[in-house]
Amino acid sequence: GEVVTTIIGLLGDFYPDWSGGGYCLNDGNEPDYMKLNPSLWVYSTRSSCCTRYYSYAYNDCMGSDAVPSGKYYPDWDQNQESRCVSDGQEPDYMASNPTAWMYDSAEECCTRYYSWDLGACVTNSGG
């Protein structure tokens, strides 16, 4: 346990920055209670930390390191036509759980979310 804690501290894994508002940090300055129980608080990737503690603001938590997934998601916000888009602007709740919401192709996305208007959705999605 003690060796693992020391190694994790040296690696600077990601922890939630409750007091500073910096989302997930890897500066090695996590509070002692996190250092004493790293399996509960500390994650090896920013993505894992953001998913666990800031899923409601996943894209903000990921910051400039966020890379568009290239996956298609339902574009419900525009409310005009059935379509799926892959513009990297998916809502945080979709970005934090892409396997539940996003698909590799417009056709897969349209089949899942717009099966009643499949042909129009694929066309509107550029497929």
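Rules used throughout
- Residues numbered from 1 in each chain as written.
- Predicted model: local features only at pLDDT ≥ 70, side-chain atom pairs only at ≥ 80, totals over all residues.
- Heavy atoms only, no water.
- Salt bridge = Lys/Arg side-chain N within 4 Å of Asp/Glu carboxyl O.
- Helix = DSSP H or I, 4+ residues; strand = E, 2+ residues; numbered from the N terminus.
- Buried < 20%, exposed > 50% of the residue type's maximum accessible area, 1.4 Å probe, protein only.
- pLDDT = per-residue confidence, 0-100.
- Contact = heavy atoms within 4.5 Å.
- Disulfide = S-S within 2.5 Å.

**Q** Even after reading the chapter, I still don't get the pattern of salt bridges, so can you show me in this structure?
**A** Close approach of charged atoms allows side chains of opposite charge to pair. Per the counting criterion, the structure on display carries 3 salt bridges. Put simply, Lys 71 and Asp 104 hold a salt bridge, and the shortest N to O gap is 2.4 Å. With Lys 71 in the loop between α5 (58-62) and β3 (73-74) and Asp 104 in the loop between α7 (98-101) and α8 (106-113), this pair connects stretches of sequence that are 33 residues apart. Given the relative accessible area of 27%, Lys 71 is considered partly exposed. Taking relative accessible area as the criterion, Asp 104 reaches 56% and is therefore assigned exposed. Salt-bridge contacts for Glu 81 lead to Arg 83; the nearest nitrogen and oxygen are separated by 3.3 Å. Overall, Arg 83 belongs to the partly exposed group, its relative accessible area being 24%. Residues joined by salt bridges that share partners form a network here, namely Asp 75, Glu 81 and Arg 83.

**Q** I'm lost on the confidence of the model for the chain in this one. Help?
**A** The predicted coordinates ought not to be read in detail in places where the model reports low pLDDT. Averaged over all residues, the pLDDT of the chain is 83; the fraction at 70 or higher stands at 86%. Note that residues 1-10 has pLDDT below 50 and, in this model, 6 contacts with residues that lie over four places away or in other chains.

**Q** Just checking my understanding: could you explain the state of the cysteines for this structure?
**A** What is meant by a disulfide is a covalent connection between two cysteines, made through their sulfur atoms. Counted according to the given criterion, the structure contains 4 disulfides. The disulfide that involves Cys 24 links it to Cys 49, with 2.0 Å between the sulfurs. Taking the sign of the S-S torsion, -85° for the link of Cys 24 and Cys 49, the bridge is left-handed. Taken together, the residues span a long stretch of sequence, with Cys 24 in strand β2 (residues 24-25) and Cys 49 in helix α4 (residues 46-53) at a distance of 25 residues. Here Cys 24 falls in the buried class, since its relative accessible area comes to 1%. One disulfide in the model links Cys 50 with Cys 61; its S-S distance is 1.9 Å. Between Cys 50 and Cys 61 the disulfide shows an S-S torsion of about -80°. By sign, it is left-handed. With Cys 50 in helix α4 and Cys 61 in helix α5, this pair connects stretches of sequence that are 11 residues apart. With its bonded cysteines labelled in order along the sequence, the chain shows the pairing 1-2, 3-4, 5-6, 7-8.

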